[in-house]
Amino acid sequence: MKKLLGFLSLSLFVFAVSAQQTDPIHIIPQPLSLIKGDGVFGSKQTMSFSIHGAGTDNIAQQFTVRFSNATGTVLKTEKTNTDIEFHLLDKSDNELGSEGYRLTVLPTKITLHANQPAGLFYGMQTIFQLLPKKAEGNNGLRAKNVWSIPVVTITDKPRFGWRGLMFDVSRHFFTKQEVKQFIDEMVRYKFNLLHLHLTDDQGWRIQIKSLPQLTDIGAWRPLREGKWANTPDPSPDEPKTYGGFYTHDDIRELVQYAKDRFVNILPEIDIPGHSMAMLASFPDLSATPGTKYWVNAGEKFMEWPAGAHFYALKDNNLSPANEKVYQHLDKIFTEVAQLFPFEYIHMGGDETAKNFWEKSDEIKALMQREKLKDMDAVQSYFVKRVEKIISSKGKKMMGWDEILEGGLAPGASVMSWRGMKGGIAAAKANHTVVMSPTDFAYLDYYQGEKTMEPPVYAGLRLQKAYQFDPLPDSIDPKFILGGQGNLWTEQIQNFSAVQYMLWPRALAIAESVWSPKERKNWPDFINRVEQHFERMNFAKIRYSTAMYDPIISAQNDGKGNLILVVDKEIPDMAVHFSIDESNPDHTYRQYQAPYTLPKDVANVKFVCYKNGKQVGRQINISVEELKKRAPRR
Ligand code: ACM
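What counts and how
Residues numbered from 1 in each chain as written. Predicted model: local features only at pLDDT ≥ 70, side-chain atom pairs only at ≥ 80, totals over all residues. Heavy atoms only, no water. Pairing = 2+ DSSP bridges. Helix = DSSP H or I, 4+ residues; strand = E, 2+ residues; numbered from the N terminus. Axes fitted to C-alpha atoms, helices over the stretch in contact; angles between N-to-C directions. Core = buried A, V, L, I, M, F, W, Y, C linked by side-chain atoms within 4.5 Å. Buried < 20%, exposed > 50% of the residue type's maximum accessible area, 1.4 Å probe, protein only. Contact = heavy atoms within 4.5 Å. Parallel < 35°, antiparallel > 145°, perpendicular 65-115°, else oblique. Left-handed = near helix turned anticlockwise from the far one by under 90°. Nonpolar A, V, L, I, M, F, W, Y, C, P; charged D, E, K, R; others polar. Phe/Tyr/Trp six-rings, centres within 6.5 Å; stacked < 30°, edge-to-face > 60°. Lys NZ or Arg CZ within 6 Å of the ring centre and 35° of its normal.

Engineer: Talk me through the sheet that holds strand β27 (residues 613-622); I want residue IDs and the actual numbers.
Structural biologist: Paired through backbone hydrogen bonds, the strands of a sheet run either parallel or antiparallel to each other. Read from one edge of the open sheet, three strands run β24-β26-β27, paired in antiparallel fashion. For this open sheet the edge positions go to β24 (574-578) and β27, each flanked by a neighbour on one side alone. Averaged over all pairs of adjacent strands, the angle between their axes in this sheet comes to 20°, without regard to strand direction. Bridge count for strand β26 (residues 603-610) against β27 is seven bridges, and the pairing is antiparallel. Within the sheet, the bridge partner assigned to Y609 lies in β27 and is Q614.

Here is the structure:
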């Protein structure tokens, strides 16, 4: 008996040691199939590595550098029979497609197979996620470079070929280095498409050598650091110190950096609306002569009345009736097409306010000449001409779903943002589509308790982002290229805020565009997200913990009482709250059911716990705010 106990405690000890060295598997996005085995592949001071297949040098280079930095283990490249082996398959494996991989971790060997280099790149990302979290610190696991990877077999490939994130570098400018960092972070989660929103009312961010005014003037504005749309117009002599743009060399460098990481860059030139920066450079290109233009610095120039159509207070559109507009666009798209090898160019096309066009004589003349019956037809005329320019440069045109209005240009692809309906209509008309609906994929929206987040006009919580499914029922999948999350940056001024808005919601988007639908599981996803929070702590990637914010609303009971109603998106989380102005902890009242607030309460303060530990932040809400949330009876 004693012997047996000794054996048991010894094996428990051995188990504890190996458990300590190996984190539970928590891959994001969830792979197609994962079979966990017994044991681990353990560390050595030096290990051998080999890679087999053409066009893989760049992967070998990235893997050996990052692996050695992460673990402290020196990887020696050898020809064959190595501890870690990457292989391009001689004979294509249909199950893996062009981006899939098969990873086998045995106690003695790690083997990665793929049809194409991209598959090896994604398999490599999975290997890094199998390493202990501490390895994300990139400091050889600090003092002790003892690590292990669990024995596992993974077969994986993406659900969609277009797995995108849009980065708005116009509203606020982000440096080339920051764009590279954005790419570094997105490829950890197997995104392969970076949509750069390069032009808008607030800045023109790409050098056009044949039209230098676009960046001499259009890239610069007075500095504003406070609340968006909360400032008066800049004065004419105010120094234009804020801005920037990418030169041709910068763009080439970014394109190469992205390509080395299997990312395509989709450039967007947003026209005919959203064009104030271009009009600051060329004021005679609008249909409203005499307008004084400057690059918008955040001051308000559009109205969005509730329940009514939006309109502009100042015409920010290019004129579809002006031939010089098309001449300039030809020059712009010539250079854009030369700089970006990707097959698509995005021409925006969204949110064109028509109220100045309606008053313009040159537009009226155009309508007569071209037999255009209304403003949608005018917009469609413009989009079709732009499509001809873009296709003359050997590229396919993509636009936001407004390009459907008045008739879609032949060959155009649609990026559906006002829900999925535009995308569905386009797919039914045999046009290709990328889904990026506001309801699931707008990463500029606030993500938790509204009063605690930077002010934005709408919210998108993590759980909703996780419900994103780019493929609607009854639509032929061949027309749905995939999906993407969009990060607009009106209210985002620095890269730390970029990270805060991206993570963890971009993890939800990543899983929605990579993993099979039936492999998605919200509670399991949350557990993995929490593991990735720890990884991000080591990797120094900022993220938001707003998923822990309780979802706070209220009801009137019709007898003059206000009832507090709390929901949550994390299933096994306890919500505690105070009504006496003190800061609560787990010893305070736990929310179990709608709670009638006593009349003397002024503020309710919340704090959440999971597995006995506080998660997220304290939320304070006034009863005044709660009253606003209670539907009138
Ligand atoms: C958009 O969000 N205006 C495309």
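Moving on from the coordinates now.
Engineer: If you had to explain the nonpolar core to someone new, which residues and values would you point to?
Structural biologist: One finds F167 and L329 to be the most contacted residues of the largest nonpolar core, which totals 199 residues. With nine residues, the top contributor of residues to this core is helix α10 (residues 375-392). Leave out the neighbours within four places in its chain, and F167 touches F174, V179, F182, L194, H195, L196, H197, L487, T489, F495 and V498.

Engineer: I'd like a description of the side chain of E387, backed by residues and values.
Structural biologist: In this structure, E387 sits in helix α10. Residues within four places of E387 in sequence aside, it is in contact with M397, A409 and P410.

Engineer: Quick rundown of the packing of helix α4 (residues 176-187) against helix α14 (residues 495-502)? Include the residues and the values.
Structural biologist: At a closest axis distance of 11 Å, the pairing of α4 and α14 adopts a crossing angle of 25°. Comparing their axes, α14 and α4 come out roughly parallel. Remark: the crossing between α4 and α14 carries right-handed chirality. For the pair α4 and α14, contact is made by E178, Q181, F182 and E185 and by F495, V498, Q499 and L502, respectively. Split by residue class, the contact of α4 with α14 holds four nonpolar, two polar and two charged.

Engineer: Any chance you could break down the environment of D260 for me, citing the residues and the numbers?
Structural biologist: Along the chain, D260 falls in helix α6 (residues 248-260). Counting along the chain gives 202 residues from D260 to N58, while the straight-line C-alpha distance between them is 6.9 Å. Once you skip the residues sitting within four places of it in the chain, D260 turns out to touch N58, Q62 and F121.

Engineer: Please provide a residue-by-residue account of unusual backbone geometry, values included.
Structural biologist: For residues that are not glycine, phi is negative in most cases, and the peptide bond is trans in most cases. Geometrically, the link from I28 to P29 is a cis peptide bond, its omega value of -5° lying close to zero. The linkage connecting W503 with the following residue, P504, adopts the cis geometry, with an omega of 15°. Here P504 shows up in the loop between α14 and α15 (505-514). Positive phi, normally seen in glycine, also occurs at F262, with a value near 60°. Structurally, F262 is set in the loop between α6 and β14 (264-271).

Engineer: Could you give an account of the sheet that holds strand β5 (residues 101-106), naming the residues involved and the relevant values?
Structural biologist: Read across the open sheet, the seven strands follow the order β1-β7-β5-β6-β4-β2-β3; overall the sheet is mixed. Lying at the two open borders of the sheet, with one neighbouring strand each, are β1 (33-42) and β3 (74-77). Averaged over all pairs of adjacent strands, the angle between strand axes in this sheet comes to 20°, irrespective of strand direction. In the packing of helix α2 (residues 57-71) onto the sheet, contacts are made with β2 (46-52), β3 and β4 (84-88), and the angle to β3 comes to roughly 155°.

Engineer: I'd love a proper account of α15, names of residues and values included.
Structural biologist: Counting buried residues in α15 gives ten out of ten residues, a clear majority hidden from the surface. All of the buried residues in α15 are R505, A506, L507, A508, I509, A510, E511, S512, V513 and W514.

Engineer: Could you give an account of the packing of aromatic side chains, with specific residues and numbers?
Structural biologist: The tally for this structure, following the rule as stated, stands at 33 aromatic pairs. Ring geometry for F63 against F86: centres 4.8 Å apart, planes inclined by 50°, an arrangement best described as tilted. With F63 in helix α2 and F86 in strand β4, this residue pair connects regions lying 23 residues apart in the sequence. Judged by relative accessible area, which is 0%, F63 ranks as buried. Here F86 falls in the buried class, since its relative accessible area comes to 0%. Between F577 and F606, the ring centres sit 6.0 Å apart and the planes meet at 35°, which makes this aromatic pair tilted. One end of the pair, F577, is in strand β24; the other, F606, is in strand β26, with 29 residues separating them in the sequence. F606 carries the same exposure label as F577, and that label is buried. Among the aromatic residues, those joined into a ring-pair cluster are F41, F49, F63, F67, F86, F128 and W147. In this structure, K190 is placed above the aromatic ring of W514, and the distance from its NZ or CZ to the ring centre is 5.6 Å.

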